[in-house]
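Residue-level structure breakdown
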Amino acid sequence: MCDYQKCKHWGGNQDYTSTRNKRKTHLCCDMAEVEDTLKRIQGYNGVIGSIVVNAEGIPIRTTLDNSTTVQYVGLLHQLTMKARSTIRDIDPQNDLTFLRIRSKKHEIMVAPDKEFLMIVIQSPTE
Amino acid sequence: MPPKRPKSKVIKEKEKKNETPDEGASESAHPEHIFPLVLTSVTQELFGCRADEDVTGENPFKLLRKEDIVQDMKTRAAVSDFSPVKHIVLEYPEDELLLVFDRDFTYGQCFYLVLTVEAKDNMMKSPAQADDDEEPMKDEEEHVMEPKTPESHPWISQGSEQEIEDESLTHARPRLRYKISPLMRHCGAPVCFSDGNDGYVECSSYEDKSFSITRMERDTSIQASRDTTHSSTQTLWKYPKNMCTQYEPREFSPEEKEHHLRSENLKNFITSVAIRFERSLQQNVISDVFCDDWTVLCEDDGVPTGKTETQLKEYQSFMDLHFSREKSISHVHWHPSISGVIAVAMTERLSLEERIDNSTKLLLNPSYILFWSFTDPINPQLQLECPEDVLCFQFCPSDPNIIAGGCINGQVVLWDISAHVERLQDTRSGGDNISNNLDKNDVIPVVRYCAVSGIENGHKAPVTDIQWLPETFELSRFGIPVENSSRVCVQMVTCALDCCVLFWDLRLPRAVSQSLTDVKQKSEEKPPENPHGVPNTFKHLNLTWKPFIRVSLPKIGSTGEYSPLKFSFRDNTVDYITGDKPPQDAEREEVCGFAQLRVPSAKQQKPLENISTKLYVGTEDGELVYTDWKMEKDNDSGRLFSAKPTHQFLAHHTLVNTVSRSPFFKDIILTVGSFGFAIWKEGVMSGPILMSACSKVMCTIGHWSLTRPALFFIGKKDGTIEVWDLLQNTHEPSQTQNISTASITCIRSSSACGKHHLLAVSDRIGTLHILQIPWTLRKSSNNEKKNVRKYFEKEEERLEYFEKRQIKHEKHKKEMEAEQLKKKTEPAVPLKPDEELEAEALKEYEQFLALEKIVLKNMGLLTDTIDQSDL
């Protein structure tokens, strides 16, 4: 997306990072990409909040207030670990990719990873 | 032979012979067939049975001839040893008797005589048998004893059952029963207890040492049991204590967060995970999987079978012969608290010239506001006397006994009907007080007005609309809404055709109250007189009442002013259909009378936010004006003046007869002009959201339905009512119904009359029709409000779109014009001479031919011959 030399940030002292495909992108654009994706997800119809958490359960980035974030993270982290261990117990080759919890009022979606965890809460559009 | 042998023989004989057991079987007693004899040695020699010589222990038997014994007895007679058995011997059947040598003196003598033949036989046999048995027995004893399973034999009595029977208790005789009872005459008789030793002998026990019984036998029983031991243990009792821990979650510092956000891993994670999220989010947005369509479906279809009528049914109609003839009803209002009571304002159907002509007649016939009750369709319950024709009136929301009305001469009138409320309430119960009703029917109470405004300071044209301000706020002198501490409605707003909107306060202003003269006067004054039975509620206002804010409506963009007909301001209390109502009677203290209330000083009042001070005003010329009622101070003169209206729209081309807010949406306004209606949204300044087509018949009045958000009623000049349903059709009404022959002047609906939902429709000939709203028109579906809101939003968007398009069009137009202008102003290109043009054309053609050749050559289509021929 950045296209290092064609990007508007080109010129001057711009640090860059190299991506998987060995393309250079500016650091600020890198961040911007992440921000863009997060904003896009947040902007969906009905999304109440989104949280990015590291492997230990410490929130990195959130759109909700602190106490709510901490509560959600604490509970969902354990649940995700439990769900993942369940899947792996049944079949060690398998792994958890996505967890959706549907409740009366909204739906909580959790995507685990080796190092991070992302939580999105969406309420039905009615 | 073992010595046992004779005993066993003896026992056997005993068993066989003796039926009756001998008690205490002593061996010395001899059985009957044995007779112990003592034989002298002489006798022994005679019979050849000398002891230990002829007869021995082993061979004790000796058979003696009977004849010999008889002879012996004859010879020696009494001396004979056989003399005791003489009788038996003589009777003995056989010839030989057995004499047995009793070596062991078992029967007490050394010899015994066997007396019976059988015993003799037995004796003779048994030794022989014993001798026979002895040898095989001996043989057997030498061999190993074979174990034999004991065979079951029937029980053989050995005499033990005798003992048991002796031990048991049996009744020797049946039990005796005695019943002792005192004589009947002693029963219940008073009892006299006394000491007495009569007939009472006491024998106490004492120990007699000379006589003691020792117990020889005692019954005891023994049961085996385990060893028992006692043991105990003590546990530590831990005293319970409350403990607590305090913790807080771990968090990252902002720098760490930044660091993490920048990391490569996070980026990869987000990009890989975002796809999954988006898919799921999209799914949720598209359709709600968990919604149960079946249950949702049935909610919409709530019409019970049988009630398929959609027409407004006439319930009652009121027409008074005395007062309503040749009059038209200008305004109708339901009583807010008493159900079944409706108030109607009657006015003359005269134009201005006719009024002037008939002014004397009019003075004699005052106009009234009539109160009708459903229980009595013929006679009104109450009459309110008005100074002039009243064009509009309103019940005070906080106190339904106060009624404010606006007259045709510009005065504002106040009534207080608290004295007659009971009568109105009584009529509700109907047939209970028939007798009372008959008395009261003759005289309908007439209530005179409490107060009128001063003519100089009020309106100078007919008052066309009047409304009370809600009790939650009041206005200060500048028009700023402040908190209302008294919690009653104290202010009202009126508008008239003299181009101003006036704000009135029911309380006396502070300045007046503080003057000393007034105070003195008050203390000296007698209670003011009460002519005509008018209550003193508003005595302080009578004839001196003047408004405290005057809002003028100068025209935007031109001189002159708007002349308002109707107005509507935002009711800043919560939506009273669905939301919470402000606490009404419970919290409000007893109203201490408006005379005591004073306008609080401006410093004490706290300005309230969130209250919109904007007004929508419908004018005589068909415009809808949006203005603010706050007064601004002119810096130069220090006078207060009102701001210019912010917006005006020319919606209708004739006068606007209704400006009404929807009870469900605070920002939706319905305006009705003569040829149609328009729906506006507050905040949308470009135009109406919905405008109806021009109708053939003039519309006279419009009214929102109180129960269905999408429904409203339009009254027409020919006496029909149109029911418009926004969710069904917006280009035509969903229903039309003719109610009366004259034009409709007012429509009001009420839901306070129990289960009936009634619509009051008044017309120009003075009849008030009460119609019943059918189920379909009053039951709203669950989603109706939402749908209507969506509809309005859509319309709003449409308006916005049009605006944008218009802007775009204009821009485009401008651009077009600019281009055209530019073209015109560009210098003309000089024409080249023809030859040059030809030369240029030829050159181009040759270039083209060359290009063609190259292309064909490349494609391999060109042959050399053709190429050469061309050249």
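All chains use their own residue numbering, which begins from 1 and follows the written sequence. Think of it this way: whatever chain is written first is A, whatever ligand is written first is 1, and the rest follow in order. For a predicted model such as this one, the threshold for reporting local features is a pLDDT of at least 70, and the threshold for listing and counting side-chain atom pairs is 80 or more; totals across whole chains, interfaces and linings nevertheless cover every residue. The basis for the side-chain values is all heavy atoms of the structure; hydrogens and waters are excluded.

A short note on the interface of chain B and chain A
How big an interface is tends to be stated in terms of accessible area lost as the parts join. Inclusion rule: By definition, residues are in contact when any of their heavy atoms lie within 4.5 Å. Two parts placed together each lose some accessible area under a 1.4 Å probe, and adding up what both lose gives the buried area. The salt bridge criterion pairs a side-chain nitrogen of Lys or Arg with a carboxyl oxygen of Asp or Glu, the two atoms within 4 Å. Two N or O atoms form a polar contact when they lie within 3.5 Å of each other; inside protein one atom must be a possible hydrogen donor and the other a possible acceptor, and for residues adjacent in sequence the pair counts only when both atoms belong to side chains.
Each side of the interface is counted separately: chain B has 31 residues, and chain A has 43 residues. Carbon and sulfur atoms make up 63% of the surface buried where chain B meets chain A, a total of about 3,600 Å² over both sides. Along the contact surface separating chain B from chain A lie three salt bridges. With a closest N to O distance of 2.5 Å, E278 of chain B and R40 of chain A form a salt bridge. Linking chain B to chain A there are nine residue pairs in polar contact (both at pLDDT 80 or more).

Some thoughts on the nonpolar core
Formally: For the purposes of this section, nonpolar cores are sets of buried Ala, Val, Leu, Ile, Met, Phe, Trp, Tyr and Cys residues that join through side-chain atoms within 4.5 Å. The classification of residues rests on relative accessible area computed with a 1.4 Å probe and restricted to protein chains. Under 20% of the type maximum is buried, over 50% is exposed, and intermediate values are partly exposed. In DSSP terms, a helix is any run of H or I states spanning at least four residues, a strand is any run of E spanning at least two, and both are numbered starting from the N terminus.
Counting residues in each nonpolar core, the largest one holds 23 residues, and the members touching the most others are I41, M118 and V120 of chain A together with L266, F269, I270 and F277 of chain B. At the level of elements, α1 (27-42), β3 (47-54), β6 (107-112) and β7 (116-122) of chain A together with α8 (264-286) of chain B are the ones that each hand at least two residues to this core. In terms of residue count, the dominant contributor to this core is α8 of chain B (seven residues). What I270 of chain B contacts, discounting residues up to four positions off in sequence, is V34, T37, L38, V52 and M118 of chain A. A343, A345, I369 and I403 of chain B belong to the second-largest nonpolar core, a separate cluster that totals 22 residues.

Focus on the pairing of β3 of chain A
Residue and element names in this part refer to chain A. Put simply, the rule reads: What makes two strands pair is DSSP finding at least two bridges between them.
For β3, the tally of buried residues reaches seven of eight residues, placing the bulk of the element in the interior. Pairing analysis gives three bridges linking β3 to strand β4 (residues 59-62), with the strands arranged antiparallel. Residue pairing for β4: V52 is matched across the bridge by R61.

Some thoughts on the confidence of the model for chain B
Residue and element names in this part refer to chain B. What counts is decided by this rule: The predictor rates its confidence in each residue with pLDDT, a number between 0 and 100.
Here chain B shows a mean pLDDT of 75. Residues at 70 or above account for 78%. Here helix α15 (residues 516-524) is the element of chain B with the lowest mean pLDDT, 43, and helix α18 (residues 834-859) is the one with the highest, 90. Every residue in residues 430-440 is under pLDDT 50, and counting partners more than four places away or in other chains gives five contacts. Confidence drops under pLDDT 50 across residues 867-871; counting only partners more than four residues distant or on other chains, this segment forms three contacts. Interface confidence for the predicted complex, expressed as ipTM, amounts to 0.77; the pTM equals 0.52.

So, the packing of aromatic side chains
All names here are of chain B. Quick reminder of the rule: Here the aromatic set is Phe, Tyr and Trp, taking the six-membered ring for Trp, and pairing holds for ring centres within 6.5 Å; pairs whose planes are under 30 degrees apart are stacked, those over 60 apart are edge-to-face, and all others are tilted. The rule for a charge over a ring is simple: NZ of Lys or CZ of Arg within 6 Å of the ring centre, and within 35 degrees of the ring normal.
For the structure on display, the rule yields 17 aromatic pairs over all chains. Here F393 and F395 contribute two aromatic rings whose centre-to-centre distance is 6.4 Å and whose plane-to-plane angle is 65 degrees, an arrangement assigned as edge-to-face. Of the residues examined, F393 reaches a relative accessible area of 1% and is grouped as buried. A centroid spacing of 6.4 Å and a plane angle of 0 degrees characterise the contact between F712 and W724, whose relative ring orientation is stacked. One end of the pair, F712, is in strand β32 (residues 711-716); the other, W724, is in strand β33 (residues 720-725), and 12 residues separate them in sequence. Across the pair, exposure class does not vary: F712 and W724 are buried alike. Aromatic rings pair up to connect F318, W334, W372 and F374 into one cluster. Taking the ring centre of Y449 as reference, the NZ or CZ of R448 above it sits at 4.6 Å. If you follow K785 out to its NZ or CZ, it ends over the ring of F665, 5.8 Å from the centre.

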